Every structure is written in structure tokens, then in C-alpha cells.
Amino acid sequence: MRFLFKGVDFFPHDTRWKIIERRYIFIGLSWALAVLSAVLLMTRGLNYGVDFKGGSLIEVQAKSGGIDIGDLRVRLDKLGIGDVQVQAVGTGNEALIRVAQQVPTKDLNEEKVQAAANDKVKGALGENIDVRRIEVVGPTVSAELKRTGVIAVVASMFGILLYVWFRFEWQFAVAAILALSHDVFITVGMFSLLWYEFDLSVVAAILTLAGYSINDTVVVFDRIRENLRRYKRMPLIELLNLSINETLSRTVLTSVTTALAVLALYIFGTAVIHGFSFAMLFGIVIGTYSSIFVAAPFLLLFGVKRDWSGPAVKSPSKSDAAGKGRRENVASK
Amino acid sequence: MLHFTRLKQIAISLSVVLGIVLVIPSFFAKETVAAWPWFMPRAQINLGLDLRGGAHLLLSMETAEVRKDWLDTLREDARKRLREAKIAVAGIGIVNNALQVRVSNVDDTDAALKELKGLAQPTGNIIRGFSGTDLDVRKAEGGVILITPTEAGLQHRITEAISAAIETVRRRVDFTGTTEAQIVRQGSDRILVQVPGLLETAPLKELIGKTARLTFHEVHPSISAEEAKRTRPPAGYRIYPGADQEGDQLLRETPVVRGDELKSAQAAFDSQTREPIIAFTFNGSGARKFGDFTKTHVGRPFAIVLDDKVISAPVIRDAILGGSGQISGNFTVETANQLAIQLRSGALPAKLTVIEERVVGASLGQDSIEAGKVSAAIGGIAVASFMIFAYGLLGVFAVIGAAIHIVFVLAIMSVIGSTMTLPGIAGIVLTIGMAVDANVLINERIREELRGGRTPISAIETGFTRAYATIIDSQLTTFIAGLVMFWLGSGPIRGFAVTLTLGIMTTVYTAFTIARLLVVWWLAAQKTRKIEPPLSYRPPASLKAGSVRT
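It should be emphasised that the depicted structure is a prediction, and the values quoted were computed from it without experimental measurement. (Residues numbered from 1 in each chain as written. Chains lettered and ligands numbered in written order. Predicted model: local features only at pLDDT ≥ 70, side-chain atom pairs only at ≥ 80, totals over all residues.)

**Points about the overall build of chain A**
What chain A contains, in helices and strands, is 12 helices and six strands. Over its C-alpha atoms chain A spans a radius of gyration of 26 Å, topping by over 25% the 20 Å that the globule rule assigns to 333 residues. Oriented by its inertia axes, the alpha-carbon framework of chain A measures out at about 75 × 60 × 50 Å. Across the 333 residues in chain A, those meeting the buried criterion constitute 47%. When contacts within chain A are restricted to residue pairs at least 6 apart in sequence, long-range pairs at least 24 apart make up 77% of them. (Helix = DSSP H or I, 4+ residues; strand = E, 2+ residues; numbered from the N terminus. Rg over C-alpha atoms; globule rule 2.2 N^0.38 Å. Buried ≥ 20, exposed ≤ 12 C-beta atoms within 10 Å, placed from the backbone. Contact = placed C-beta atoms within 7 Å.)

Given below as C-alpha cells:
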């Protein structure tokens, strides 16, 4: 007897959840989250890291035993170098110290005055504490990084918009970009809510998220397009619903695999990539949500072209034919 | 989709073998790899400073200084040209980043303009072609001629100054005995210095933070600095502030000799006072100029000026003809050594400021590598378990594909010599999750086709074909984001962009060749004509017309 393990088909199929019919619930929820994010960003802002705020970040570790954070804070507060934040990380023997951007004096420029403040901190650490990492970012660089960060997010969204437009119709592209902006905006709002540090690596996570969260949306859109060709007379609401339900397993399971990998990073990674993995993890969840509940309702709003029988390159039958053609070419070599 | 020619099968297998072979060196120490015979691959993945430990300094050049220096030189050139053309000059001064020349006789303006236009140099290069001149020379009211540096001209100067500064910084860093330092231009007016293994950056910053422009000046024979302050310095003279205890001096602006004519400079001790000094020697032309000057100025003081500050003003006792001498000026052994290095390595064209500094200790880097390995291993195991649970044998194929994907990313990185950073490791862990996404899409599609009533082979065939476009679409969007990050990002973020974009490419390759080839081989290995479906599936609950795929 041969044994073949075929895996477990655990994900429910043949679901016919009325997602589109109940779209107002989800649209309402999304709006609520978006408004909450907007309010948070306007009133509270973001906890910018040294990359965007300037100043210095010093990571320290105790040679033996733990670090008394309270005591360290008291010692550093006495130095007269303005706002000093001390945060425990790791297993209690590590801490992050953030020194605000110092104001240059007549004799000392921005670089020198910051270096002097850092030296004071290093001097106050005591014998038992080692410096493991120092990052000093001047005001010119932090302003630039902020600007590049914004440009990068806008540029990638624009690139994605163009690509989806090129592959689908404009309604799909606009719906995808709106869903994407929703994901990015709410993720940034989450950073404001939890007051997690927002640094360069978080921007990298948001960019990746922009590329990744659209994956699921594209999977759904692909199926919508396929079904548009197949069921020429099905009402759009029903067709969108069918497409979402049919691709549900794919949308969810692809996110699960990536989320598993990111979860490992979140749990076992060092302090440096904590913000990064949190942004990715949250982004994957919200991205999956928006692919299912947000993107397709937008299509309903914009309407889509129903006649896909024309000589469009995008029609699935053509791409199938092209695929077969390729295979035959290969076979004949 | 379920056919590979023999040639193609061999090519794919070879690509895997090649990938594995190329990754091997990265798992050994550098010394071990260096001793390997010639036919073995030796390229290793570079570790970024955040993983191996070291200092990263971003220096910015004060471009205003470059402009000022240029204008200073221009002023001398303009004066000389007009003198040679016998045109009397009422005054030359620098006003609002431009040189203002006023001729004594207004009728000479056109002649002077013609002369001064000769100062302008064409800008542009062979590739971009001629694009104007570096100076804008024009006539203003009442015999005044304005000479303004153009943007292109200034950019050209800055580019030259940065190139010169990189050389100087490199020499200064080399003198500290640091090896492996990387010094590169960044943007138009910045220099990135990366020194592996360096934790204490203060001495390095001291060393590269000083321009160290040494000049020897004639002291005004009769007017003292104090008198000049009350009145006005005579033409061609300027008051230079004194360093430390030195007094201010009224000096001729054009130096007798400059530091770039030094042949050598060493820290030494004065034979009488036992104080640290700098002993120097001029090169041929420097020695001649200095000799001529000292011969005619015996008994009078001259000033040694460092970065526009007088460090000492000794009296010339005898003509110094041998071209060697010494500088004393309240040095400690340390500062004397530092200055000697700075003088030997030449002056910087303008001041450099550190605008960004990132220093990572080697122990933290090691911890990051360990944490990266643990996350990769655990993330990999979690993803693998999930894939095998959900898709059985096809899941195993996907996991093999994902493993080969990692090998490919590492192999390509070591071949193209890109740098692995901590975010780069995060990128790899992330792409492990993304790599199997393609397989999830394919397998779910196969399952759907099986449920629709297709035969196993037909279902597999359709699964791969239909999922293809979807996978390309979904991966390309992430790829776009990765490219933008590579284009705009710096340092560690770039490292992430590298692994992400490479990872996406190899993911598509492994899902569509490796995983598919494994399926083809599995099908070929089946002894029976009747092939079992490779995936379990539940038949549709109700055979509605809509759910049957035809």
C-alpha cells in the first residue's frame, strides 16, 4: 500500500457570505478607524525616532545583573541636557536612551554640542554599563529622511497604481489604491495610538506593506475579472460576492504564511526590528481585511465595464492561450 | 505546463547546484576561504556595519567655504590680469557672493570687461557637452564689473572639492592604522565614511574635523593689529585672530608659502625647551619661496597660520635656505601628532561636519545575527509545518522551493557583492513567508479545479497555468515597492530592499520551475496509469452551475 499525504483541506469552501450586501458595516468600521487615525495623528502625532527627529539614541547593556531604569533616569536627568528618555528593552539588562537634539551655542555647532551631550551620558552610565550602539542624526539629515520617506511611500503607491491600471481597468486601480491607502493610514494611526517609535525601519515596513497588501487585492480582482467574463449577466453585487467568497481561502492562507514568518521576527528579533515587524504584522492583518471587505465595495461604487469580449489582451482566455503557446514552444525545443 | 524538455530539467537542476556551491563560502571564515584552490568560489556575503560592528559617519562639506575660497582666488586673478593689462583699479571686493571690480577710469570699463571675461572657464564635460561658463561677468553702473559664479560653475567646484576631500580623509583615516575603511561620495556634497570595528569615534572625528590649512604670512612691517583695528587694514592686509595665547596679527593676505608645498611633517621635541613641536620640510618650490622670503626679511617676524588662526609669529633670525623648519605653538604630544598627520595628509578644501553617526558594537551585531538566525529558523519551521499540513506532498515541494529560494538569494548576494544588514535578514525571513504564497495560490487553484471535477493531471495543469498571471501581478507590486526603497533608501534600508527584490525574483522562479519540476517528476514516478489527486478536497456541497469549472 502506498501512502500519499494530501494535506488537510480545512478551509471552508462554498461559502456564500453576503459581504457586499453588508458593505456598510465594513465601510463604517473602516471610516471609524480612519477617522480615529486622523484624529490621533493630528492631536497626538507620531513618536518619531531619532531618524526623523534628530538627536541621539544610545543602546546600553549591563555587564552583569540588570539595569535600574529609575536610578539611571534620575542620574541622566541631572545632566542638564534637556529631555532624556530611558526605556528598558530585552530581558532587563538593556536600555535605550534617547537624547533630544541639543541647541547649538556660540562655541559649539550642532555636531559638537550633541557629541558633548552624548559624552555626558556615557560618563554618567557608571562602570557596569556598556554602550552597544549610538546613533546620532543631525537636523539636516532627519529633515531629509522625513522627506524621502514621504516621497518613497507616495512613489511606490503611484507605481502600484500605474501597474494595476495597466493590468486591469482604472476602476480596479483606483479601488486598489484606496484600499491600500486605508491600510497604510490605519497602520500609521496604530503607531500613534500605541506610541511605538516611528523610525526608518517602520517606513520600510510600510513600503513593503504597500506592495504586499495589494497582493490579496489583486488575487480577488483577478477572480472578479475572470467571473466578469464567465457570468455576463450576473448582477455586479452578486458577482463581487461570489468572487470574494471563491478566493477567500487564498486571501487568508497567503496572509497566514507570511504572518507566521513575521511573527517569528516579532517574537525573536532584536529591539532594532521590533517596530518593523509590528508594522508588518499589523499591516498584513489590515491588508487582508481590506482586500476582502474594502476593495470590492469600491468597485461597486465606481462600476466596472461589463463587456469583456472585445480584443482585450487582459481577457483570461487569451492569457491561457498564450500560456499554452509558451509550453508548446518549450516542448518543441 | 507539465512538460519540461530534458535540457530544461538539466538546466534547472544545474541552477540549484550552482546556487548551493556559491553559497558555501559564506559559511566559512574569510581566512579559510582565502586558502581554497582557484576553482572554488570565494565570494562571500559582506556583512553590514550593523551586523559586524563599526562606525558609520556621514560628513557634509561647508559649500559656502568652497565658494568663498574660489572668490578669494578670483580676486587675486582679477587684480593680476588688470595689472598686466595696465588698467587702474579703484577697488576689488566680495559683496553678496560676487566679486565687484571698480575701475579708476570709467572709460576703461569695456577693456576691463574684456579682460575679466577671460577669467571664465567653460563648464560641462565630454558626456554632457558644453553647457556655459563657470562665471557670469557683466557690466554694472559707473565703472563697476560684477563677476558672479554660476550654479554650474559652483557645482563643478564642489564636485572637485569633494573628490579632493575624499582623498584627504582617506589618508587621514589610513594614518590611524585602521584598515578596511570605506570612504565614498554620497550625493553632491557629502562623504560617507564606514570603519568596521570602530567603536570610539571621537579621535577619528577630531582628525577629519579640521581643515588643517597651513599658511606662512608676512607680518605688516609697521602697523600692528591693534592700530589696524582702530583704523582700517591697508589694502591686501587682514587681521588674523591669534590661537590660544597668541595675539592677533596684521598679515598680508596672500601667503608666502602654503601647506600644500610641504614635503613632510613630523611631531618632534624642541631640542632646547623639550616642548612638542612639528618639524617640517618644504618641497623644492616651497623651499625656494621660503628661502627667498626669509633672506629679505631677516630680523622681522613672520606668522604661521593654521585654519585662519595665528599659531605662532617667530622672528626670522637667519635666512632659512634648506627648506626645513619647525612650528611650536603650545602643543601637547597628542595635538602635535594629530596636526602632523593632518599636515602630511594635506588640507581639506573646506570644513567637514558630521551630520549623521551610527555606531554599533560588535557584540550587538553578533546578537543581531543570532536573533536573525533564530527568527529565520523558527519562522521557516512554522511556515513549513503549515504548508505540509495544508498541502501534504505539494506542501513539501513548496518548502523545498522556499529553501532553494533562500539559497538563491544568498548566492546572488555573494556574487554581486551586496551587503547583508539586519533589515536584510528581516527581508529574507519575510520572503520565506512570501515564497510559499505562490504555492498557496497554485495549490488552492488545483484544489478548486479538483472540486470542479477535473482529472488530477488536468487540475494540476490548470492550477499552474491559471495561477501564473495572478502570481506575477501580486509579486510585481511588491517588487515596485522594493525598487522605490532601493532607489531612495540608504544603508540598512537598502539592504532590506536588496533581499526583498532579489527574494521576489527567486520566489517566482522557484514556484514556477522548482516546485513544478518536482510535481512533474512525481507524476513521472507514478507506476500506475491512474494517478491519484495529490491534494485532498471536499466535493462541493451543492453542484450549482456557478461552482463547476468547465
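Once the structure has been displayed, the description carries forward.
**Focus: the overall build of chain B**
Looking only at helices and strands, one finds 14 helices and 21 strands in chain B. What you see for chain B is a C-alpha radius of gyration of 35 Å, clearly larger than the 24 Å of a compact globule of 550 residues, by over 25%. Taken along its principal axes, the extent of the C-alpha atoms in chain B is 110 × 60 × 40 Å. Split into buried and exposed, the 550 residues of chain B put 42% on the buried side. Across chain B, every contact between residues at least 6 apart in sequence was considered, and the portion connecting residues at least 24 apart equals 69%.

**Topic: the environment of tyrosine 231 of chain A**
As for its placement among the helices and strands, tyrosine 231 of chain A is situated in the loop between α7 (200-230) and α8 (236-246). C-alpha of tyrosine 231 of chain A to C-alpha of glycine 138 of chain A: the two residues are 93 residues apart in sequence and 60 Å apart in space.

**With respect to the domain arrangement of chain A**
The domains assigned to chain A are domain 1 (23-44 + 142-316) and domain 2 (55-136). Distance between the C-alpha centres of domain 1 of chain A and domain 2 of chain A: 39 Å. (Domains from an automatic or database assignment.)

**Thoughts on the confidence of the model for chain B**
Residue and element names in this part refer to chain B. Taken as a whole, chain B shows an average pLDDT of 86; of its residues, 96% reach a score of 70 or greater. Between residues 544-550, whose pLDDT stays under 50, and residues either more than four places distant or in other chains, the model counts nine contacts. Overall fold confidence (pTM) sits at 0.82, and the ipTM for the predicted complex is 0.85. (pLDDT = per-residue confidence, 0-100.)

**Some details on helix α1 (residues 23-43) of chain A**
All names here are of chain A. Taking 1.5 Å per residue as the helical rise, α1 with its 21 residues ought to reach 30 Å, and the 30 Å between its terminal C-alpha atoms agrees with that figure. Regarding α1, the residues found buried are Arg23, Ser30 and Ser37. Looking straight down α1, one finds that the buried residues subtend no more than 65° of arc, so they occupy a single side. For α1, the exposed residues set more than 90 degrees away from the buried face come down to Tyr24, Ile25, Gly28, Trp31, Ala32, Val35, Val39, Met42 and Thr43. In this structure, the buried residues of α1 make contact with α6 (170-194) and α11 (295-302). One or two steps after α1, the chain reaches glycine 45, where phi turns positive at roughly 75°. (Expected span 1.5 Å × (residues − 1). Arc of directions from axis to C-beta.)

**With respect to the interface of chain B and chain A**
In this assembly, 76 residues from chain B lie in contact with 70 residues from chain A. Among the secondary structure elements, those contributing two or more residues to the side of chain B that touches chain A are β2 (54-61), β20 (352-360), α11 (362-416), α12 (422-451), α13 (456-488) and α14 (491-525) of chain B. It is α11 of chain B that provides the largest number of residues to the side of chain B that touches chain A, a total of 18 residues. Each residue belonging to the side of chain B that touches chain A can be placed in one class, and the counts come to 43 nonpolar, 21 polar and 12 charged. Inspection of the sheet shows strand β5 (residues 129-137) of chain A paired to β20 of chain B by five bridges, in the antiparallel sense. In the strand pairing of β20 of chain B, valine 137 of chain A is matched with glutamate 356 of chain B. (Nonpolar A, V, L, I, M, F, W, Y, C, P; charged D, E, K, R; others polar. Pairing = 2+ DSSP bridges.)

**Some remarks on the sheet that holds strand β19 (residues 324-327) of chain B**
Strands pair in a sheet through their backbones, by hydrogen bonds, and they do so in one of two ways: parallel or antiparallel. All names here are of chain B. The three strands are arranged β15-β16-β19 in an open sheet whose pairing can be described as antiparallel. Because the sheet does not close on itself, it has two edges, and the strands there are β15 (262-269) and β19. Taking the axes of each pair of neighbouring strands and ignoring which way they run, one obtains an average angle of 25° across the sheet. Lying over the sheet, helix α10 (residues 333-344) contacts β15 and β16 (276-282), oriented at roughly 170° with respect to β15. (Axes fitted to C-alpha atoms, helices over the stretch in contact; angles between N-to-C directions.)

**Quick notes on the sheet that holds strand β3 (residues 89-95) of chain B**
Residues and elements named next belong to chain B. An order of β3-β4-β8-β7 is seen for the four strands of this open sheet, with the pairing classed as antiparallel. The open sheet has two free edges, formed respectively by β3 and β7 (135-139), since each of these has just one partner strand. Neighbour-to-neighbour, the strand axes of this sheet turn through a mean angle of 15°, independent of strand direction. In the sheet, β7 pairs with strand β8 (residues 144-149) via five bridges, with the strands oriented antiparallel. Across the sheet, residue valine 137 finds its bridge partner in β8, namely isoleucine 147. On top of the sheet, helix α4 (residues 63-84) reaches β3, β4 (98-103) and β8; it is set at about 170° to β3, its chief contact.

**Remarks on the domain arrangement of chain B**
Residue and element names in this part refer to chain B. Domains assigned within chain B are domain 1 (6-51 + 361-547), domain 2 (55-62 + 157-357) and domain 3 (67-155). Each side of the interface is counted separately: domain 1 has four residues, and domain 2 has five residues. Taken together, the residues of the side of domain 1 that touches domain 2 break down into two nonpolar, two polar and no charged.

**Quick notes on the packing of helix α5 (residues 139-167) of chain A against α13 of chain B**
Relative placement of two packed helices is described by the angle separating their axes and the distance separating the axes. As a packed pair, α5 of chain A and α13 of chain B sit with axes 9 Å apart at the nearest point and diverge in direction by 150°. It follows from the interaxial angle that α5 of chain A and α13 of chain B lie roughly antiparallel. With respect to the hand of their crossing, α5 of chain A and α13 of chain B are arranged in right-handed fashion. Contacts from Thr148, Ile151, Ala152, Ala155, Ser156, Gly159, Ile160, Tyr163 and Arg167 of chain A of α5 of chain A reach α13 of chain B at Asp473, Leu476, Thr477, Ile480, Ala481, Val484, Met485 and Leu488 of chain B. Within the contact of α5 of chain A with α13 of chain B, the residues separate by chemical class into 11 nonpolar, four polar and two charged. (Parallel < 35°, antiparallel > 145°, perpendicular 65-115°, else oblique. Left-handed = near helix turned anticlockwise from the far one by under 90°.)

**Overview of the nonpolar core**
Ranked by internal contacts, the top residues of the largest apolar core, which has 212 residues, are Ile206, Leu207 and Ala210 of chain A together with Val429 and Met485 of chain B. A per-element tally of this core places α11 of chain B first, with 20 residues. If sequence neighbours within four positions are ignored, isoleucine 206 of chain A has contacts with Val153, Val184, Thr187 and Ala279 of chain A. Judged by nonpolar contacts, the second largest core, of 12 residues, contains Leu82, Leu99, Val103 and Leu116 of chain B. (Core = buried A, V, L, I, M, F, W, Y, C linked by C-beta atoms within 7 Å.)

**Overview of the packing of α4 of chain B against helix α6 (residues 151-175) of chain B**
Residues and elements named next belong to chain B. Contact geometry for α4 and α6: axes closest at 10 Å, N-to-C directions at 110°. Between α4 and α6, the angle is such that the two are roughly perpendicular. Contacts from Thr63, Val66, Arg67 and Trp70 of α4 reach α6 at Leu154, Arg157, Ile158 and Ala161.

**Looking at unusual backbone geometry**
With the exception of glycine, most residues fall at negative phi, and the peptide bonds are largely trans. Residues and elements named next belong to chain B. In this structure, arginine 274 is a non-glycine residue whose phi angle is positive, near 70°. Among the secondary structure elements, arginine 274 is positioned in the loop between β15 and β16. The exposure class assigned to arginine 274 is exposed, which follows from the 8 C-beta atoms found within 10 Å. A positive phi angle, near 65°, is found at aspartate 308, a position not held by glycine. One can find aspartate 308 in the loop between β17 (302-306) and β18 (309-312). When the 12 C-beta atoms within 10 Å are taken as the criterion, aspartate 308 is described as exposed.

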